[in-house]
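The residues making up each chain are set out below.
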Amino acid sequence: MSTKPIIVMKFGGSSVANIDRIKAVAQRVVNAKTSKTNVAVVVSALGDTTDELEAMAFQIMKEPPDREMDMLMSTGEQISCALLAIAIRALGREAISLTGAQVGIKTTKSHTKARIETIDNKRILKAFDAGQIVIVAGFQGVTEENDITTLGRGGSDLTAVALAKTLKAQVCEIYTDVNGIYTTDPRIETNAKKIKAITFDEMLEMASLGAQVMQARSIEVAKRFNIPIHVRSSFSKEEGTMIIKETDKLENIAVRGVTCNKSEAKITIDAVPDKPGVAAKIFTELATAGISVDTIVQNVSHTKHTDISFTVSKNDLSKAIAIAEKVAKKIQAGAVSSDKNIARVSIVGSGMRSHHGIAAQMFETLAKNKVNINMISTSEISISCIIDQKSTDKAVKALHSAFKLDTLS
Ligand code: ADP
Ligand code: ASP
Ligand code: MG
């Protein structure tokens with residue numbers, strides 16, 4: 001069996017958005033495949049295909065069955081991996097495209113957010129032995145019962161990292177439409193600076209708090225197995241950002257990046273009786289329904305009653321409201337209201353552990369810019385504020401400049 005070093009290269013949707021781009025990716029892959037290396041490529045669906053497929057299902061019904069959504073959404077990657085294999089063959093090189101099932105990516109049964117359990121790399125290694133470049137459809141796997149599953153939005157990143165782990169790859173390269181990880185989304189702040197190296201912890205926090213450039217779960221896996229990731233542009237040769245364990249230099253930076261997330265909504269239950277066990281009732285019911293709750297705020301009680309607010313994903317909003325209304329009735333609380341026009345802005349940095357006054361500076365910056373804070377939550381290496389969605393870009397830019405991220409080198 002071949003013992004050549006293995007490279008995993010993942011190309012996101014914008015990198016394979018049309019035939020010209022697929023041809024350019026094919027050329028790049030062919031250049032990487034020398035006689036001394038083996039190459040496994042992971043591809044996302046062409047451009048916005050996944051969104052378009054999802055939208056079609058929603059035209060038919062509001063909550064389509066998850067199993068059928070996986071059948072539908074996984075087709076996008078099947079198209080792109082076949083086209084890339086064809087483009088490589090057109091360049092006169094050997095290539096084979098494989099779906100998640102063909103690769104043997106076995107997952108849990110939780111459709112639309114399945115977890116990878118095992119990957120059987122025999123088929124890939126056999127293809128390497130035959131001198132082939134292997135193109136794997138990202139974002140998908142299969143259950144024990146051979147039902148197709150998907151790995152959550154952005155899940156091709158996870159396919160790439162998981163493959164890099166099972167294949168013991170030398171490098172895991174994520175090719176995207178930006179030159180690397182920036183101090184904030186460069187689409188919002190043009191002064192955002194590319195970061196040379198970032199720790200798994202910081203990247204995980206940024207991804208979880210809205211930096212869509214990497215799927216959070218892929219970073220969890222990379223961290224667990226210590227798989228360095230190189231995020232770089234598919235349109236240039238420039239070095240990108242290394243996501244790694246830790247470096248001494250990284251320790252000193254208090255704030256590494258600013259993120260925002262508009263995908264949450266806020267639910268408030270008024271006049272909740274202020275007695276033990278009430279919060280447990282509300283959040284147990286939500287958890288049982290598989291709804292994750294983020295920031296929670298309980299107001300001070302003046303009249304033996306208190307208001308409780310919390311955020312959920314907009315996708316879960318109608319389900320969460322129905323549950324909140326049911327529980328509110330049971331515990332004799334008041335009205336349930338909701339607000340979709342919120343956003344979370346966050347600052348992230350592992351140096352926060354040792355720097356003081358960061359929260360104060362964040363709140364002052366928002367105040368100076370007349371951005372009202374609705375809710376606050378913190379972790380060891382991040383501070384988040386829930387604000388009015390209209391103020392998102394203003395808040396991101398103000399925080400980016402207040403923490404001098406535009407002057408980082
Ligand atoms: P792909 O299709 O390659 O998976 P994505 O659209 O998922 O690409 O992610 C890339 C996008 O992430 C960029 O175009 C950028 O606008 C956005 N992004 C958000 N936050 C950041 C950040 N901190 N650094 C770089 N890109 C970011
Ligand atoms: N095509 C899938 C999505 O858009 C997976 C991915 O691009 O990583 O979420
Ligand atoms: Mg992505």
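The text that follows walks through the structure, step by step, so that each part is easy to find. (Residues numbered from 1 in each chain as written. Chains lettered and ligands numbered in written order. Predicted model: local features only at pLDDT ≥ 70, side-chain atom pairs only at ≥ 80, totals over all residues. Heavy atoms only, no water.)

### As for the packing of aromatic side chains
Stage number 1. Taken as a whole and assessed by the stated rule, the structure comprises two aromatic pairs.
Stage number 2. Where F11 meets Y175, the ring centres are 4.6 Å apart and the plane angle is 15 degrees; that geometry is what we call stacked. Taken together, the residues span a long stretch of sequence, with F11 in strand β1 (residues 6–11) and Y175 in strand β9 (residues 171–176) at a distance of 164 residues.
Stage number 3. Relative accessible area serves as the criterion here: at 0%, F11 is assigned to the buried category.
Stage number 4. Taking the relative accessible area as the measure of exposure, Y175 reaches 2% and is therefore buried.
Stage number 5. Consider the rings of F283 and F310, whose centres lie 5.2 Å apart with planes at 80 degrees: the pair is edge-to-face. Taken together, the residues span a long stretch of sequence, with F283 in helix α10 (residues 278–288) and F310 in strand β16 (residues 305–313) at a distance of 27 residues. Considered together, F283 and F310 belong to a single accessibility category, that of buried residues. (Phe/Tyr/Trp six-rings, centres within 6.5 Å; stacked < 30°, edge-to-face > 60°. Helix = DSSP H or I, 4+ residues; strand = E, 2+ residues; numbered from the N terminus. Buried < 20%, exposed > 50% of the residue type's maximum accessible area, 1.4 Å probe, protein only.)

### Section: the packing of helix α3 (residues 66–73) against helix α4 (residues 75–90)
Stage number 1. At a minimum axis distance of 4 Å, the contact between α3 and α4 shows a crossing angle of 15 degrees. Our classification of the angle between α3 and α4 gives roughly parallel. Contact with α3, carried on its side by M71, L72 and M73, involves T75, G76 and E77 of α4 and no other residues of that element.
Stage number 2. Residues belonging to the contact of α3 with α4 are distributed by class as follows: three nonpolar, two polar and one charged. (Axes fitted to C-alpha atoms, helices over the stretch in contact; angles between N-to-C directions. Parallel < 35°, antiparallel > 145°, perpendicular 65-115°, else oblique. Contact = heavy atoms within 4.5 Å. Nonpolar A, V, L, I, M, F, W, Y, C, P; charged D, E, K, R; others polar.)

### A few points about the site of ligand 2
Stage number 1. Residues in close proximity to ligand 2 include S44, A45, T50, E77, F139, R153, G154, G155 and S156, which together make up its full environment.
Stage number 2. Within the contact set of ligand 2, an oxygen atom lies 3.0 Å away from a side-chain nitrogen or oxygen of S44.
Stage number 3. R153 is positioned such that a nitrogen or oxygen atom in its side chain is 2.6 Å from an oxygen atom of ligand 2.
Stage number 4. Protein contacts shield 86% of the accessible area of ligand 2, which totals 260 Å² for the unbound molecule. (Near = heavy atom within 4 Å. Polar contact = N/O pair within 3.5 Å; in protein donor to acceptor, adjacent residues only side chain to side chain. Areas by Shrake-Rupley, 256 points an atom, 1.4 Å probe, with all protein chains shown as cover.)

### A word on α10
Stage number 1. Within the sequence span of α10, burial applies to V278, I282, F283 and L286. Here the buried residues of α10 occupy an arc of 120 degrees about the axis, which is enough to place them on one side. The outward face of α10, more than 90 degrees from its buried face, is lined by the exposed residues A287 and T288.
Stage number 2. Where α10 is buried, its residues contact β14 (264–273), β15 (293–298), β16 and α11 (317–330).
Stage number 3. With its phi angle positive at about 75 degrees, G290 sits one or two positions after the end of α10. (Arc of directions from axis to C-beta.)

### Looking at the site of ligand 1
Stage number 1. The environment of ligand 1 is formed by 19 residues, the closest being T176, D177, Y182, D185 and R187.
Stage number 2. In this structure, an oxygen atom belonging to ligand 1 sits 2.7 Å away from a side-chain N or O atom of D185.
Stage number 3. Taking R187, its side chain carries an N or O atom lying 2.7 Å from an oxygen atom of ligand 1.
Stage number 4. When isolated, ligand 1 has an accessible area of 570 Å², and the protein chains bury 90% of it.
Stage number 5. The class makeup of the residues in the shell around ligand 1 is eight nonpolar, seven polar and four charged.

### Examining the nonpolar core
Soluble globular proteins tend to bury their nonpolar side chains together.
Stage number 1. Formed by 46 residues in total, the largest nonpolar core has its most connected members in I124, M203, M214, I229 and I243.
Stage number 2. By residue number, the principal contributor to this core is helix α7 (residues 156–166), which donates six residues.
Stage number 3. Beyond its immediate stretch of four places on either side in the chain, M203 contacts I181, I198, V213, M214, I219 and I243.
Stage number 4. Within the second largest apolar cluster, 24 residues are counted, among which are M9, A32, V39 and Y175. (Core = buried A, V, L, I, M, F, W, Y, C linked by side-chain atoms within 4.5 Å.)

### Here's the deal with the sheet that holds β14
Stage number 1. Read across the open sheet, the four strands follow the order β15-β16-β14-β17; overall the sheet is antiparallel. Every other strand in the sheet has two partners, leaving β15 and β17 (336–339) as the edge strands with one partner each. For this sheet, the mean inter-axis angle between neighbouring strands, taken without regard to orientation, is 20 degrees.
Stage number 2. Here β15 pairs with β16 via four bridges, running antiparallel. If you follow I296 over to β16, its bridge partner there is F310.
Stage number 3. Contacts between α10 and the sheet are confined to β14, β15 and β16, with β16 contributing the most and set at about 20 degrees to the helix.
Stage number 4. In the packing of α11 onto the sheet, contacts are made with β14, β16 and β17, and the angle to β14 comes to roughly 5 degrees. (Pairing = 2+ DSSP bridges.)

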